[in-house]
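Structure at a glance
Here is what each chain is made of, one letter per residue.
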Amino acid sequence: MKRLHAALLVLAMTAGAACAATVQQPRAFGHVIGDVLTQRVLLEEAGQSLQPGALPSTARIDLWLERRQSRIETDAEGQRWLAINYQVINAPRALTAISLPALSIATASGPPLALPAWPISIGPLTPLDVLAEGDLQALRPDRPVAALPTHAVQQQLKLSLLALLAVFAAWLGWWAWRNQREAQQLPFANAWRELKRLGDSSSPEAWRVVHRALNKSAGRVVHGASLPQLLAEAPYLRPLQPRLEDFYRESTRRFFFAESAAAASAQPHAAYPLKPLCRALCNAEKRHKH
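Below is a short write-up of the structure. (Residues numbered from 1 in each chain as written. Predicted model: local features only at pLDDT ≥ 70, side-chain atom pairs only at ≥ 80, totals over all residues. Heavy atoms only, no water.)

What follows covers the overall build of the chain. The number of helices and strands found in the chain is eight helices and 13 strands. A buried classification covers 29% of the 290 residues belonging to the chain. Restricting the contact set of the chain to residue pairs at least 6 apart, pairs at least 24 apart contribute 61%. (Helix = DSSP H or I, 4+ residues; strand = E, 2+ residues; numbered from the N terminus. Buried < 20%, exposed > 50% of the residue type's maximum accessible area, 1.4 Å probe, protein only. Contact = heavy atoms within 4.5 Å.)

Turning to the pattern of salt bridges, a few remarks are in order. Per the stated rule, a full pass over the model turns up nine salt bridges. Across the salt bridge formed by Arg40 and Glu73, the nearest N and O atoms sit 3.6 Å from each other. Taken together, the residues span a long stretch of sequence, with Arg40 in strand β3 (residues 36-42) and Glu73 in strand β8 (residues 71-74) at a distance of 33 residues. Residue class for Glu73 comes out partly exposed when judged on its relative accessible area of 23%. The closest approach of N and O atoms between Glu205 and Arg208, which form a salt bridge, is 3.9 Å. Here Arg208 and Glu205 lie together in helix α4 (residues 204-218), a separation of three residues that amounts to about one turn. Judged by its relative accessible area of 39%, Arg208 falls in the partly exposed class. (Salt bridge = Lys/Arg side-chain N within 4 Å of Asp/Glu carboxyl O.)

Another aspect to go through is the sheet that holds strand β1 (residues 19-20). An order of β1-β12-β11 is seen for the three strands of this open sheet, with the pairing classed as mixed. With partners counted over all chains shown, the strands left at the sheet margins are β1 and β11 (103-105), one partner each. Examined bridge by bridge, β1 and strand β12 (residues 113-115) share two bridges and lie parallel to one another. Its bridge partner lying in β12, Ala20 is registered against Ala114. (Pairing = 2+ DSSP bridges.)

Another aspect to go through is helix α8 (residues 274-289). Taking 1.5 Å of rise per residue, the 16 residues of α8 would be expected to cover 22 Å, and the 23 Å separating its terminal C-alpha atoms lies within 8% of that figure. The elements touched by buried residues of α8 are α3 (187-198), α4 and α6 (241-256). (Expected span 1.5 Å × (residues − 1).)

What follows concerns the pairing of β8. The pairing of β8 with strand β9 (residues 80-88) spans four bridges and is classified as antiparallel. Pairing of Glu73 across the sheet is with Trp81, part of β9.

Moving on, we get to a nonpolar patch on the surface. A surface patch of nonpolar side chains, amounting to about 700 Å² of accessible area, comprises Phe168, Trp171, Leu172, Trp174, Trp175 and Trp177. Among the residues examined, Trp177 registers a relative accessible area of 49% and is labelled partly exposed. (Patch = residues over 30% accessible without salt bridge, like charges linked within 9 Å, V, L, I, M, F, W, Y side chains within 5 Å. Areas by Shrake-Rupley, 256 points an atom, 1.4 Å probe, with all protein chains shown as cover.)

In this section: the packing of aromatic side chains. Within the structure shown, the criterion is met by five aromatic pairs. Taking 5.1 Å as the distance between ring centres and 5° as the angle between the ring planes, the aromatic pair formed by Trp207 and Phe247 counts as stacked. Separated by 40 residues along the polypeptide, Trp207 in helix α4 and Phe247 in helix α6 bring together distant segments of the chain. Grouping residues by exposure puts Trp207 and Phe247 together as buried. Following the ring pairs from residue to residue traces out a cluster consisting of Trp207, Phe247, Tyr248 and Tyr272. Looking at Arg27, its charged tip hangs above the ring of Phe29, at a distance of 5.6 Å from the centre. (Phe/Tyr/Trp six-rings, centres within 6.5 Å; stacked < 30°, edge-to-face > 60°. Lys NZ or Arg CZ within 6 Å of the ring centre and 35° of its normal.)

Leu214, Leu230, Leu237, Leu244, Phe247, Leu274 and Leu281 are the most contacted members of the largest nonpolar core, which has 31 residues in total. When residues of this core are traced back to their parent elements, those giving at least two are α3, α4, α5 (227-233), α6 and α8. Among residues more than four places away in sequence, those in contact with Leu281 are Phe188, Leu214, Leu237, Leu240 and Leu244. Residues Trp64, Leu82, Leu113 and Ile122 belong to the second largest nonpolar core, which totals 20 residues. (Core = buried A, V, L, I, M, F, W, Y, C linked by side-chain atoms within 4.5 Å.)

In the sheet, strand β2 (residues 23-24) pairs with β3 via two bridges, with the strands oriented antiparallel. If you follow Val23 over to β3, its bridge partner there is Val41.

Here the focus is the packing of α3 against α4. Two elements in contact, α3 and α4, have axes whose closest approach is 9 Å; the angle formed by their N-to-C orientations is 170°. The angle between α3 and α4 places the two elements in the roughly antiparallel class. Each of Pro187, Phe188, Ala191, Glu194, Leu195 and Leu198 in α3 lies in contact with α4, whose residues at this interface are Glu205, Ala206, Val209, Val210, Arg212, Ala213, Leu214, Lys216 and Ser217. (Axes fitted to C-alpha atoms, helices over the stretch in contact; angles between N-to-C directions. Parallel < 35°, antiparallel > 145°, perpendicular 65-115°, else oblique.)

We now examine the side chain of His31. Tracing the chain through its elements places His31 in the loop between β2 and β3. Among the residues examined, His31 registers a relative accessible area of 7% and is labelled buried. Sequence-distant contacts of His31, defined by excluding residues within four places in its chain, comprise Leu37, Ile120, Ser121, Ile122 and Gly123.

Time to look at α6. Helix length check: α6 (16 residues) gives 22 Å between terminal C-alpha atoms against 22 Å at 1.5 Å per residue, within 8%. All of the buried residues in α6 are Leu244, Phe247, Tyr248, Glu250, Ser251 and Arg254.

Mapped onto the elements of the fold, Cys282 is located in helix α8. The sequence separation of Cys282 and Arg193 amounts to 89 residues, and the corresponding C-alpha distance is 9.9 Å. In this view, Cys282 contacts Phe188, Ala189 and Trp192; residues no more than four positions away in its chain are not counted.

This is how it looks when you write it as structure tokens:
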């Protein structure tokens, strides 16, 4: 009975023992920080295909290595391989020997696969002491930055400025032409220009200038009694109705009553403010036209 138990125990230990895996190891030397090393494990035992129970998980192994995601590959001969990737994540100050860790990979239908540790060497990116010969110096001078070509940009800027000046000159010419045209065609604008030329707004000629502008604006002779008809035909003049009524009253007094005219000539400083009225009529006319 004891012999039977011993035989069963030996059989169980033999069935659960891991078998040595066929492994393609990465190069053992010449690695630096950032390099990825790949172990490839053959998923086959005694001609039978093996299925891993679980792929090795991603994890940081030690100060130097981190295991990345594993995968199963099939080569040109149809053999299946488990590819396990390790990345070097630190740089030593001098050449250092480390090892890819030993693993035991469980399988779904067979003994686990045993992977031995694999020693490799990693080195620093640069030596601690530079050679200080030729261009091998501790510090390199700043590389001069080449100037960007600006000729095309300068030409485009010049063309833009010329176009802007041309537009401004055209606008200025149009503005001057419009003012001159209005001064010649618009009744009150023309009257304002003539008043500025005459200078003395108390002279009879100055009053005739404003009368002619009102007549030309209405298309007929306008007097105090017909002023409401002008305002009905030209609503833009309605805000100036009190000043126009006062203008016609003053005009009647000046031109039709000799004694009033004599009194007005004796007191030149009390002259009627004709220029402000003409200017107000000119502004109202411009607003109406524009």
